Amino acid sequence: QVLLVESGGGLVQPGGSLTLSCAVFGSIVSFDRMGWYRQTQGKQRELVATISDGSTMYVDSAKGRFTISRDNAKNTMYLQMNSLKPEDTAVYYCNGVRREGKAWGQMVDYWGQGTQVTVSS
C-alpha cells in the first residue's frame, strides 16, 4: 500500500516563495506519473504540474514560476513556487498514478490530504 502526505503550505506575501513537499510512504518509483493539483473554494480541481521520468509539465499560469521535482532516494516530491500571486491561493494536493493488478492492470490514483497555500498581503 502507499500513502501520500503533503506539507509546507502556509501564508506568504505576494511575490514570495514556498516549497511544498509530498512524502511517499511506499515506493515512489512505483508511480508512472506524479503531480500537484490545486483547488480553490467553489472551483474545480486544477492540474498544476506533473513529473514522469525526466519529463515535466506545467499549467500555463505556473510556467516560469513553479518547479516540480522528485527525489527518489528520499521518497519525496516537491513543488517549488516562486513569485507567488494571490490567485495561487488554494488547497494543493499531491497525486500519484500507478498500474496495479494482473495482466494490463488498472491505473489507480492516490491522493494526499491537501495543504493550504494562502498568498495575501
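Coordinates for the structure precede this section.
Since the structure is predicted, the reported quantities are computational estimates derived from the model, not experimental observations.

A. Highlighting the state of the cysteines. Under the defined criterion, the tally for this structure stands at one disulfide. Disulfide pairing places C22 opposite C94 at an S-S distance of 1.9 Å. Across the S-S bond linking C22 and C94, the dihedral sits near -75 degrees, which makes this disulfide left-handed. With C22 in strand β3 (residues 18–25) and C94 in strand β9 (residues 90–100), this residue pair connects regions lying 72 residues apart in the sequence. Residues C22 and C94 agree in their burial class; the two are buried.

B. The nonpolar core, seen in detail. Counting 29 residues, the largest nonpolar core has L4, M34, W36, F66, L79, M81 and Y92 as the members making the most contacts within it. Mapped by element, the contributors of at least two residues to this core are β3, β4 (33–39), β5 (46–52), β7 (66–71), β8 (76–81), β9 and β11 (115–119). At four residues, the largest contribution of residues to this core is made by β3. Discounting chain neighbours no more than four positions away, the residues touching Y92 are E6, L20, W36, Y37, R38, V48, F66, L79, M81, G114, T115 and V117.

C. Spotlight on the side chain of R38. Relative to the helices and strands, R38 is located in strand β4. Here R38 is in contact with Q44, R45, E46, V48, S61, F66, D88, A90, V91 and Y92, once residues within four sequence places are set aside.

D. Seen up close, the sheet that holds β7. Across the sheet, which stays open at both edges, the four strands sit in the order β1-β3-β8-β7 with antiparallel pairing between neighbours. Sheet topology places β1 (3–7) and β7 at the edges, where each strand pairs with a single neighbour. Averaged over neighbouring strand pairs, the angle between their axes works out to 15 degrees when direction is ignored. Two strands pair when backbone bridges link them, and β1 and β3 are joined in this way by five bridges, in the antiparallel orientation. Across the sheet, L3 pairs through a bridge with F25, a residue of β3.

Thresholds applied
Residues numbered from 1 in each chain as written. Predicted model: local features only at pLDDT ≥ 70, side-chain atom pairs only at ≥ 80, totals over all residues. Heavy atoms only, no water. Disulfide = S-S within 2.5 Å. Helix = DSSP H or I, 4+ residues; strand = E, 2+ residues; numbered from the N terminus. Buried < 20%, exposed > 50% of the residue type's maximum accessible area, 1.4 Å probe, protein only. Core = buried A, V, L, I, M, F, W, Y, C linked by side-chain atoms within 4.5 Å. Contact = heavy atoms within 4.5 Å. Pairing = 2+ DSSP bridges. Axes fitted to C-alpha atoms, helices over the stretch in contact; angles between N-to-C directions.

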